[in-house]
Amino acid sequence: MKLVQALAASTLVALAVPATAQEQLSIATGGTGGVYYPMGGGLAEVINNNVDGYSATAEVTGASVENMGLIATGDADLALALADTVQQAYEGTGRFEGQQLPMIRGLASMYANMIHIVALESSGITSLDDLRGKRVSVGAPGSGTEVNADAILSANGISYDDIEEQRLNFNETADALANGDIDAGFWSVGAPTSSILNLSTTNDIVIIALTEEEMAAAIAQDPVMSRTTLPAGSYTGVDEDITVLGIPNVLAVSSEMSDDLAYAITRAMFENIADLQAVHPAANETTVEFTMSATPVPLHPGAIRYYEEIGASIPDNLRP
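A.B. asks: I'd love a proper account of the nonpolar core, names of residues and values included.
C.D. replies: Ile 47, Met 68, Leu 78, Leu 131 and Tyr 307 are the most contacted members of the largest nonpolar core, which totals 107 residues. Counting residues per element, this core draws most heavily on strand β4 (residues 104–120), at 11 residues.

Here it is in structure tokens:
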């Protein structure tokens, strides 16, 4: 009887083993309180369901700056990152001064982040200048949020010497605001995002609008930024449209990725974009047209093969 049971068990094990092993892919995202993580999870499902021989998993990370390093070292296969961070990594400028990562390539541009500067209504903070002397979260270490926060502040004559900066992720920033441990926080994120949604349901929040002059100064310092609109109703208490700075997000890979795999992922994503849109509305912006206008680094040849196949016009600067 024991022999029969053992044979039955071994048969079940044999049946459970897939005919061909799945190659694992890692997608570097960000914290769980932003959009990168659910977007990465949605992309992983698209890959799992539509790219034969591969299994993908979304990984929690410190976001954009860290993600570029993970691509360079091969510790991640795909990564979401802010366009200015991707450009700095590729060119060896900004945070990547002296450590250029020329292997960075784009598969697509996914959606535009909106840079939120959030405070509680009770703080009395209504302008960028009001942040002087205040406790301000500038984003998690290694995040694109901190790159964006630093650009906006420094372009407008505010240094970290003028604030008490704290480097918190999105959920930590929301909790610190709710608990009174900080006065304001930066988010560079797709809207709406869960951490601010949750904060706004239990606290009266304000989103600080930049003046036209402050926006112009930030764009002059970081030309990847552009003006965009945070729609009324995005969060509880946000009753009017607010003009904010926006910045594209790029799905990046290494030039070492095979052309066939880059092609298969790009094709699977666009052919099943509704699955990604069902995960987060930010994916409504994930279009071929947005990719061609917003990607700051050359595209991977495998992605180019897909775009050419569907008849897209590819700018010269996006060809390696």
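A.B. asks: Hey, could you go over the environment of Ala 119 for me, with residue numbers and the actual values?
C.D. replies: With respect to the helices and strands, Ala 119 occurs in strand β4. For the pair Ala 119 and Gln 277, spaced 158 residues apart in sequence, the C-alpha to C-alpha distance is 29 Å. Leaving out residues up to four positions away in the same chain, Ala 119 has contacts with Ile 125, Leu 177, Asp 183, Ala 184, Asp 204, Ile 205 and Val 206.

A.B. asks: With reference to specific residues and values, describe unusual backbone geometry.
C.D. replies: Residue Ala 191 is joined to Pro 192 through a cis peptide bond whose omega torsion reads -5°. With respect to the helices and strands, the residue Pro 192 is situated in the loop between β7 (184–189) and α7 (194–202). Of note in this structure, Ala 63 is not a glycine but carries a positive phi near 85°. Judged by its relative accessible area of 12%, Ala 63 is buried.

A.B. asks: Got a sec to walk through the packing of helix α9 (residues 259–271) against helix α12 (residues 301–309)? Specific residues and values, please.
C.D. replies: Following both chains from N to C, one finds α9 and α12 inclined at 45°, their axes separated by 6 Å at the closest point. By the angle class used here, α9 and α12 are oblique. In this structure, the crossing between α9 and α12 has a hand that is right-handed. Taking contact as the criterion, the partners of Asp 259, Asp 260, Ala 262, Tyr 263, Thr 266, Arg 267, Phe 270 and Glu 271 in α9 are, on α12, Pro 301, Gly 302, Ala 303, Arg 305, Tyr 306, Tyr 307 and Glu 309. Residues belonging to the contact of α9 with α12 are distributed by class as follows: seven nonpolar, two polar and six charged.

A.B. asks: Lay out the side chain of Thr 291 in plain terms, naming residues and giving numbers.
C.D. replies: Note that Thr 291 resides in helix α11 (residues 288–294). Under the relative-accessibility criterion, Thr 291 is labelled buried at 0%. Every residue in contact with Thr 291, bar those within four places of it in the chain, is listed here: Leu 107, Ala 108, Ser 109, Phe 270, Leu 299, Tyr 307 and Leu 318.

A.B. asks: Can you lay out the pairing of strand β10 (residues 242–254) for me, pointing to particular residues and giving the numbers?
C.D. replies: Counted residue by residue, β10 has 12 buried out of 13 residues, so it is predominantly covered. Taken together, the nine bridges between β4 and β10 define a ladder with antiparallel strand orientation. Looking across to β10, one finds that Asn 113 is bridged to Ile 247. By the bridge criterion, five bridges tie strand β9 (residues 226–230) to β10 in an arrangement that is antiparallel. Paired with Arg 227 across the two strands is Leu 245, which belongs to β10.

A.B. asks: Give me the packing of helix α4 (residues 83–91) against helix α5 (residues 144–155): which residues, what numbers.
C.D. replies: Helix-helix packing is characterised by the crossing angle of the two axes and by the distance between the axes. The geometry of α4 relative to α5 is characterised by a closest axis approach of 9 Å and an angle of 95° between their N-to-C directions. Looking at the two axes, α4 sits roughly perpendicular to α5. Only Gly 144, Val 147 and Asn 148 of α5 make contact with α4, whose side of the interface consists of Asp 84, Thr 85 and Gln 88. Partitioned by chemical class, the residues of the contact of α4 with α5 number one nonpolar, four polar and one charged.

A.B. asks: Provide a residue-level description of the side chain of Ser 254, including the pertinent values.
C.D. replies: Looking at where Ser 254 falls in the secondary structure, it is placed in strand β10. Looking at Ser 254, the relative accessible area reads 12%, which means it is buried. A distance of 3.0 Å separates a polar atom in the side chain of Ser 254 from the backbone nitrogen of Glu 256. The contact partners of Ser 254, leaving out residues within four places of it in the chain, are Ile 71, Met 103 and His 300.

How each quantity is defined
Residues numbered from 1 in each chain as written. Predicted model: local features only at pLDDT ≥ 70, side-chain atom pairs only at ≥ 80, totals over all residues. Heavy atoms only, no water. Core = buried A, V, L, I, M, F, W, Y, C linked by side-chain atoms within 4.5 Å. Buried < 20%, exposed > 50% of the residue type's maximum accessible area, 1.4 Å probe, protein only. Helix = DSSP H or I, 4+ residues; strand = E, 2+ residues; numbered from the N terminus. Contact = heavy atoms within 4.5 Å. Axes fitted to C-alpha atoms, helices over the stretch in contact; angles between N-to-C directions. Parallel < 35°, antiparallel > 145°, perpendicular 65-115°, else oblique. Left-handed = near helix turned anticlockwise from the far one by under 90°. Nonpolar A, V, L, I, M, F, W, Y, C, P; charged D, E, K, R; others polar. Pairing = 2+ DSSP bridges. Polar contact = N/O pair within 3.5 Å; in protein donor to acceptor, adjacent residues only side chain to side chain.

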